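# Chains, contacts and geometry: an overview
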Amino acid sequence: MSLADDQRAFARMCLDPAPDARDCEQLRAPTARLMVYRNMVRVRLVELVGDAMPRTRDAATPADLAAMMGAFLATRPPLTRYIRDVTPRFVEWLAAHPETLPASLAPWWLDLARYESAVLAMNIANDPTAEGVVDFDMALPVALTTAQKLLRIGWTVHETEIRPVDEKNGLALLVYRDPQRLSIETFVLSPIAGDIYEAWVENPTRSATENVQSVLARHHASAGEVFIESFAELLGDFLDRGVILGSRA
């Protein structure tokens, strides 16, 4: 057996729902000692998530966090070599499998986890580059910063007081990293502004105008004088905040 085989066996022993006796045999160590390592790895992953999302951790019991991590590891063990990537992937998995959430959690818990995970992701996101970026032009695709993420949330988890929001499709909350201060900021968007921003993210090869027109058509709205004035102000906000870098040539 090679070192790579031993490494894979050790990973399975730590992350699988139950250790396999064949892996323990391959690792040529007492089973009791291997179980200590297994417990250390799994406990450390729960601690890692808690350290990255302290409000989320404090809103759940240790047993609930351990159960959710166990379900995550059983179906989608982390494949990354970077420990920083575990938390966002864990939260993405929970969002895709809400049935795994314990009934004891508050109804806003998952939104809080998604928000704190987004803050972490913005802190570790790569800096944007100017390659291929030109001055902003509505006839070209929008160039967005790499440190941005739009969330649709049903609770005001970005505020001290958590309360439900009234918007039908959830609050459009832009989480981004300020390029000058390097602080993580939030920007609440109106429903139509959120849809436009989402269109820019999901259709990066379409021009800014094409995406705006598609959203207006979906809302049965037109680009009248009031919309043009508010949209110009929104664009200025995005540019000032460093969210829009320019356009893609």
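Residues numbered from 1 in each chain as written. Predicted model: local features only at pLDDT ≥ 70, side-chain atom pairs only at ≥ 80, totals over all residues. Heavy atoms only, no water.

### Observations concerning the sheet that holds strand S5 (residues 184-189)
The three strands lie next to each other as S3-S4-S5, forming an open sheet whose pairing is antiparallel. Two strands lie at the open edges of the sheet, namely strand S3 (148-153) and S5, each paired on one side alone. Pairs of neighbouring strands in the sheet enclose a mean axial angle of 25 degrees, with direction left out of account. Examined bridge by bridge, strand S4 (residues 171-177) and S5 share six bridges and lie antiparallel to one another. What sits directly across from Leu 174, in S5, is Phe 187. Across the face of the sheet, helix H7 (residues 109-124) comes into contact with S3, S4 and S5 while running at roughly 175 degrees to S3. Here helix H10 (residues 225-241) sits on the sheet and contacts S4 and S5; the angle it forms with S5, its principal contact strand, is near 175 degrees. (Pairing = 2+ DSSP bridges. Helix = DSSP H or I, 4+ residues; strand = E, 2+ residues; numbered from the N terminus. Axes fitted to C-alpha atoms, helices over the stretch in contact; angles between N-to-C directions. Contact = heavy atoms within 4.5 Å.)

### Brief notes about the packing of helix H8 (residues 191-202) against helix H9 (residues 208-218)
For the pair H8 and H9, the least separation of the axes is 9 Å and the interaxial angle reads 135 degrees. With respect to their mutual orientation, H8 and H9 come out oblique. H9 is crossed by H8, and the crossing has right-handed handedness. Along the contact surface, H8 presents Ile 192, Asp 195, Ile 196, Ala 199 and Trp 200, while H9 presents Ala 208, Asn 211, Val 212, Val 215, Leu 216 and Arg 218. (Parallel < 35°, antiparallel > 145°, perpendicular 65-115°, else oblique. Left-handed = near helix turned anticlockwise from the far one by under 90°.)

### What about the nonpolar core?
The tendency in soluble globular proteins is for nonpolar side chains to be buried side by side. Within the largest apolar cluster, 24 residues are counted, with the highest numbers of intra-cluster contacts made by Leu 174, Leu 189, Tyr 197, Trp 200, Phe 231 and Phe 238. Going through the elements one at a time, strand S2 (142-144), S4, S5, H8, H9 and H10 are the ones with two or more residues in this core. In terms of nonpolar packing, the next biggest core, distinct from the first, is built from 21 residues, Leu 45, Val 46, Met 68 and Phe 90 among them. (Core = buried A, V, L, I, M, F, W, Y, C linked by side-chain atoms within 4.5 Å. Buried < 20%, exposed > 50% of the residue type's maximum accessible area, 1.4 Å probe, protein only.)

### Quick word on the sheet that holds strand S1 (residues 133-134)
The three strands are arranged S1-S6-S2 in an open sheet whose pairing can be described as antiparallel. Two strands close off the open sheet at either side, each with one partner strand: S1 and S2. Judged from the two bridges that link them, S1 and strand S6 (residues 244-248) form a sheet pairing that is antiparallel. Within S6, the position partnered with Val 133 by the bridge is Arg 248.

### Comments concerning the pattern of salt bridges
Applying the stated criterion across every chain yields a total of 14 salt bridges. In this structure, Glu 159 and Arg 163 form a salt bridge, with 2.7 Å as the shortest nitrogen-oxygen distance. With a relative accessible area of 30%, Glu 159 lands in the partly exposed category. For Arg 163, a relative accessible area of 35% puts it in the partly exposed group. Each of Arg 44, Glu 47, Asp 51, Arg 57 and Asp 58 takes part in salt bridges that share partners, so that together they form one network. (Salt bridge = Lys/Arg side-chain N within 4 Å of Asp/Glu carboxyl O.)

### Points about the packing of aromatic side chains
Any pair of aromatic rings gets described here by the distance separating the centres and the angle formed by the planes. One pass over the full model with this rule turns up eight aromatic pairs. Considering the side-chain rings of Phe 227 and Phe 231, the 5.6 Å spacing of their centres and the 10 degrees angle between planes classify their relative orientation as stacked. Here Phe 227 and its partner Phe 231 are both found in helix H10, four residues apart, which amounts to about one turn of the helix. Phe 231 shares its class with Phe 227; the two are buried. Here the basic side chain of Arg 84 rests over the ring of Tyr 82, its NZ or CZ set 5.1 Å away from the ring centre. Sitting over the ring of Phe 187, Arg 241 keeps its end group 3.8 Å from the ring centre. (Phe/Tyr/Trp six-rings, centres within 6.5 Å; stacked < 30°, edge-to-face > 60°. Lys NZ or Arg CZ within 6 Å of the ring centre and 35° of its normal.)

### Considering the side chain of Thr 145
The topology assignment puts Thr 145 in the loop between S2 and S3. The contacts of Thr 145, once residues within four sequence positions are left out, are Pro 128, Gly 242, Val 243 and Leu 245.

### Concerning the pairing of S6
Relative to S6, S2 runs antiparallel, the two being bridged by three bridges. Residue pairing for S6: Ala 143 is matched across the bridge by Gly 246.

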